[in-house]
Amino acid sequence: MTTGTTGAPAEVELTIGGMTCASCATRIEKKLNRMDGVTATVNYATEKAKVRYGDDVSVPELIATVEATGYTAREPEPVRADPTPGPESEGADDELRPLRERLVTAVVLAVPVIAMAMVPALQFEYWQWLSLTLAAPVVTYAAWPFHKAAVTNARHGAATMDTLISVGTSAAFLWSLWALFFGAAGTPGMTHPFELTIARGDGAGNIYLEAAAGVTAFILAGRYFEARSKRRAGAALKALLELGAKDVTVLRDGREELIPVGELRVGDRFLVRPGEKIATDGTVVEGTSAVDASMLTGESVPAEVGVGDVVTGATVNAGGRLLVEATRVGGDTQLARMAKLVEDAQNGKAAAQRLADRVSGVFVPVVIALALATLGFWIGNGAGMTAAFTAAVAVLIIACPCALGLATPTALMVGTGRGAQLGILIKGPEVLESTREVDTVVLDKTGTVTTGRMTLLAVHTADGTEETEVLRLAGALEHASEHPIARAVADGALQKLGALPTPEDFANVPGLGVQGVVDGHAVLVGREKLLAEWAVELPAPLARAEAGAEAAGRTAIAVAWDGEARAVLEVADVVKGTSAEAIGRLRALGLTPMLLTGDNRAVAEAVAAEVCIAPEHVVAEVMPEDKVDVVKRLQAEGRSVAMVGDGVNDAAALAQADLGLSLGTGTDAAIEAGDLTLVRGDLRAAADAIRLARKTLGTIKSNLFWAFAYNVAALPLAAAGLLNPMIAGAAMAFSSVFVVGNSLRLRGFEAAS
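A quick note: this is a predicted structure, and the numbers were derived from the prediction, not measured.

Reading the values: the criteria
Residues numbered from 1 in each chain as written. Predicted model: local features only at pLDDT ≥ 70, side-chain atom pairs only at ≥ 80, totals over all residues. Heavy atoms only, no water. Pairing = 2+ DSSP bridges. Helix = DSSP H or I, 4+ residues; strand = E, 2+ residues; numbered from the N terminus. Axes fitted to C-alpha atoms, helices over the stretch in contact; angles between N-to-C directions. Parallel < 35°, antiparallel > 145°, perpendicular 65-115°, else oblique. Contact = heavy atoms within 4.5 Å. Nonpolar A, V, L, I, M, F, W, Y, C, P; charged D, E, K, R; others polar. Buried < 20%, exposed > 50% of the residue type's maximum accessible area, 1.4 Å probe, protein only. Arc of directions from axis to C-beta. Polar contact = N/O pair within 3.5 Å; in protein donor to acceptor, adjacent residues only side chain to side chain. Phe/Tyr/Trp six-rings, centres within 6.5 Å; stacked < 30°, edge-to-face > 60°. Salt bridge = Lys/Arg side-chain N within 4 Å of Asp/Glu carboxyl O. Right-handed = clockwise from strand over helix to strand, strands pointing away.

### As for the sheet that holds strand β9 (residues 281–286)
Taking strand neighbours across the sheet as the criterion, the 6 strands line up as β7-β6-β8-β14-β9-β12 in an open arrangement whose pairing is antiparallel. If you trace the sheet from one side to the other, it starts and ends with β7 (255–260) and β12 (310–311), each paired once.

Structural data, given as structure tokens:
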């Protein structure tokens, strides 16, 4: 996917393969940016590189540079407007399967190896040889990705956590082989005694197979859960595209023909019946109806459309039959452009680097250098090759990141598990780093702060008219209509009265309202203009009620029967009962709330006032692409932005925001584009989600600190040759137990709501 013209910088997006940690992304980025006229950003989370380049550089040269760095690169499949699965989605399963197979192999074989090493009662006469048999496939087959990455990194003069894992597990395994075949460890009946003394030894009777197998299994588990999380990066696009219609009825040669939407061409005329999705962007050439575009635009009131009006693909025809002429198809539609917005926003996010990877840039080379220095020091001091190698291998083994492998996955699993119990879904570890820095929360209005459904709020009656009579007659007539506003009136009437009469001679007046006969009364329900067509005027009190409703951002509906105006009904999308409390809790977390909506200014300010959001923090009448621009503008001002939304119109903004919170009651596109999903649809859960994410991040940080602390504290003992295998094993076990115990504290997290 390339853009640009001659003389101007072109842009290409490359799909990168083979990255195993955030430092891989950094290395590719550096290599690309060293090329003349190239500016590149590599995102580890989405595995994509966004590259701007001049005329002197070609895309094949960019791909060759990435491949020369030890990774793969290719141009991704373009965004399509049909939901047919592409090769990338099929390949995702293939990439995950070998990792899952390696993880299962490692866990099944490593568990008995660890058990035999740590429980003396299980150490039968030849237990060490069974351990070798079980550990060998783990260290070779299961750990192969680490060894391969370590070799690739070494060729380019780099070291990552993969290097440390590979060197540590290899050292433990190879030393164990030497001890078994050439030392005393292979003697029948050999056991690992519990001697917690600090003493120098030659290590010839010690094996470290449980360390090699255990570390491999732990790290693979972390990588597998991370890979599962990363696979969802493209699901927002898939969810967006699946919103569109799958088939469409076109008129060709005067006949109706059902074809897949992908075969639709510009200029084709197609039918849209009540309740159907509009297949693509177009212009109405016949018919009138109300179109529900709330999922795309955020506008809560369905728009009345007629001949000459423009309609958008994936919106729903809520009223009459329409004949539409297609004006944009495929990748040119608004839906496809929104999918591109989501993709751009996701790829533009700064890569969230794992804390362990950040430290590894220094920690790994230091450990390897320390091991080599230890070896040289003891050889130079005449301690003998066996003692020297024992000390050097001890350095590598104690530095092997067993607790580091548990630090992030255990906290994440406990935190996300507790979150799921509370209706909060956290997508992955990269999400958590955003929560601590967030200072502004942008709230979508329709369906997030409000219910997203039209509701009857008030009935203003003329003198001498009973409210129950208004609801009975107006409700009966509206009950026969499918319009969302009509349904609000009918539902309100049914709630109060329980039953409604059946109308006669019902007729829908497009764009104005409905008319008919109810219990012998000629009834009109709709806009003031409908009454005017029957020479019926609103009396002054009802006209004032209508003006007041519209000033408050509500929809006013006039009711008349037998030639006289009787009432004005107020209908609106009401604020959820918990929204004001939720916004107060977000403020208590140090966040500044803002309201963002596609609705008109009056409606937006009325809702904002109800939930205590200042008028200057209200942005109204925005299209989906404008929502993204609002988030970008706030970020350009130096703010860290959280976005809460539920509709397709929010998907791109959710992806662009530093932290996206989507309501589980919303669309799949919004849910997939967000970082956190609030299953309950209750805005109070947003504050709970941020608190939980911050606490989980804090737990991960403390886990990483203590995991490194144990290693750093033990390294001097190992270098001095004073660390026997029991102390090394106990330190490793204790650090792992500490990390798991610290993570389990997250199970006590309680929601404030």
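### Concerning the pairing of strand β8 (residues 269–272)
Examined bridge by bridge, strand β6 (residues 247–252) and β8 share 2 bridges and lie antiparallel to one another. When the bridges of β8 are listed, threonine 249 appears paired with leucine 271. Pairing of β8 with strand β14 (residues 322–328), which is carried by 4 bridges, proceeds in the antiparallel orientation. Pairing of phenylalanine 270 across the sheet is with valine 324, part of β14.

### Describing the packing of helix α4 (residues 127–142) against helix α5 (residues 144–155)
Put simply, α4 and α5 touch, their axes get as near as 5 Å, and they point 45 degrees apart. As summarised for this structure, α4 and α5 are arranged oblique, according to the angle between their axes. Of the residues in α5, those in contact with Val139, Thr140, Tyr141 and Ala142 of α4 are Trp144, Pro145 and His147. The class makeup of the residues in the contact of α4 with α5 is 5 nonpolar, 2 polar and no charged.

### Some remarks on helix α20 (residues 579–588)
Among the residues making up α20, those that are buried are Ser579, Ala582, Ile583, Arg585 and Leu586. Viewed end-on, α20 has its buried residues packed into an arc of 155 degrees, placing them on one side of the element. Elements that come into contact with the buried residues of α20 comprise β16 (440–444), α15 (445–449), β22 (564–575), β23 (592–596) and α25 (684–719). Just downstream of α20, glycine 590 is the residue with a positive phi angle, here 90 degrees.

### Side note on the side chain of asparagine 703
Within the secondary structure, asparagine 703 sits in helix α25. You can call asparagine 703 buried: its relative accessible area is 0%. Here asparagine 742 takes part through its side chain, which lies 2.8 Å from a polar atom of the side chain of asparagine 703. Setting aside its immediate chain neighbours within four residues, asparagine 703 contacts Ala407, Thr410, Ala411, Val739, Asn742 and Ser743.

### Regarding the packing of aromatic side chains
All told, the structure shown has 3 aromatic pairs when counted by the stated rule. Between the aromatic rings of tryptophan 129 and phenylalanine 181, the centroid separation amounts to 5.3 Å while the plane-to-plane angle is 75 degrees, which identifies the pairing as edge-to-face. A residue pair is termed long-range when its members are at least 10 positions apart, and tryptophan 129 in helix α4 and phenylalanine 181 in helix α6 (residues 161–181) qualify at 52 residues. Take phenylalanine 181: its relative accessible area is 52%, and that puts it in the exposed class. With centroids separated by 5.1 Å and ring planes inclined at 25 degrees, the aromatic side chains of tryptophan 175 and tryptophan 178 adopt a geometry described as stacked. Here the residue tryptophan 175 and the residue tryptophan 178 both occupy positions in helix α6, the gap between them amounting to 3 residues, near one helical turn. For tryptophan 175, a relative accessible area of 8% corresponds to the buried category. Overall, the relative accessible area of 30% leaves tryptophan 178 in the partly exposed class.

### Quick look at the pattern of salt bridges
For the structure on display, the rule yields 20 salt bridges. The residue glutamate 750 makes a salt bridge to arginine 418 at a minimum N-O spacing of 3.4 Å. You can see glutamate 750 sitting in the segment after α26 (725–744) and its partner arginine 418 sitting in helix α13 (residues 402–421), a full 332 residues away along the chain. On the basis of relative accessibility, which here comes to 52%, the residue glutamate 750 falls in the exposed class. On the basis of relative accessible area, arginine 418 is assigned to the buried category, the value being 12%. Between arginine 472 and glutamate 469 there is a salt bridge; the shortest N-O distance is 3.1 Å. You can see arginine 472 and its partner glutamate 469 sitting in helix α16 (residues 467–478), 3 residues apart, about one turn around the helix. Using a relative accessible area of 23% as the deciding quantity, one classes arginine 472 as partly exposed.

### Here's the deal with the packing of α20 against α25
α25 packs onto α20 with a crossing angle of 25 degrees between their chain directions and a minimal axis gap of 7 Å. By the angle between their directions, the pair α20 and α25 is classed as roughly parallel. Contact with α20, carried on its side by Glu581, Ala582, Arg585 and Leu586, involves Arg684, Ala686, Ala687 and Ile690 of α25 and no other residues of that element. Per-class residue counts for the contact of α20 with α25 are 5 nonpolar, no polar and 3 charged.

### Some thoughts on the pairing of β23
If a strand is regular, its side chains alternate between the two faces of the sheet. Counted residue by residue, β23 has 4 buried out of 5 residues, so it is predominantly covered. Pairing between β16 and β23: 5 bridges, direction parallel. In the strand pairing of β23, aspartate 444 is matched with leucine 596. The pairing of β23 with strand β24 (residues 618–619) spans 2 bridges and is classified as parallel. In the strand pairing of β24, leucine 595 is matched with valine 618. Between the parallel elements β23 and β24, the chain passes through helix α21 (residues 601–610) in a crossover that is right-handed.

### As for the sheet that holds β22
Read from one edge to the other, the open sheet built from 6 strands follows the order β17-β22-β21-β20-β19-β18, with strand pairing classed as antiparallel. Either end of the sheet is taken by a strand with one partner, and the two such strands are β17 (450–461) and β18 (504–509). Taken over all neighbouring pairs, the strand axes of this sheet differ in orientation by 20 degrees on average, direction set aside. Across 6 bridges, the pairing between strand β19 (residues 513–518) and strand β20 (residues 521–526) is antiparallel. Within the sheet, the bridge partner assigned to valine 518 lies in β20 and is histidine 521. Sheet strands in contact with helix α17 (residues 484–497) are β17, β21 (555–561) and β22, and its direction is about 60 degrees off that of β17.

Limitation: the analysis is restricted to geometry and does not speak to function.
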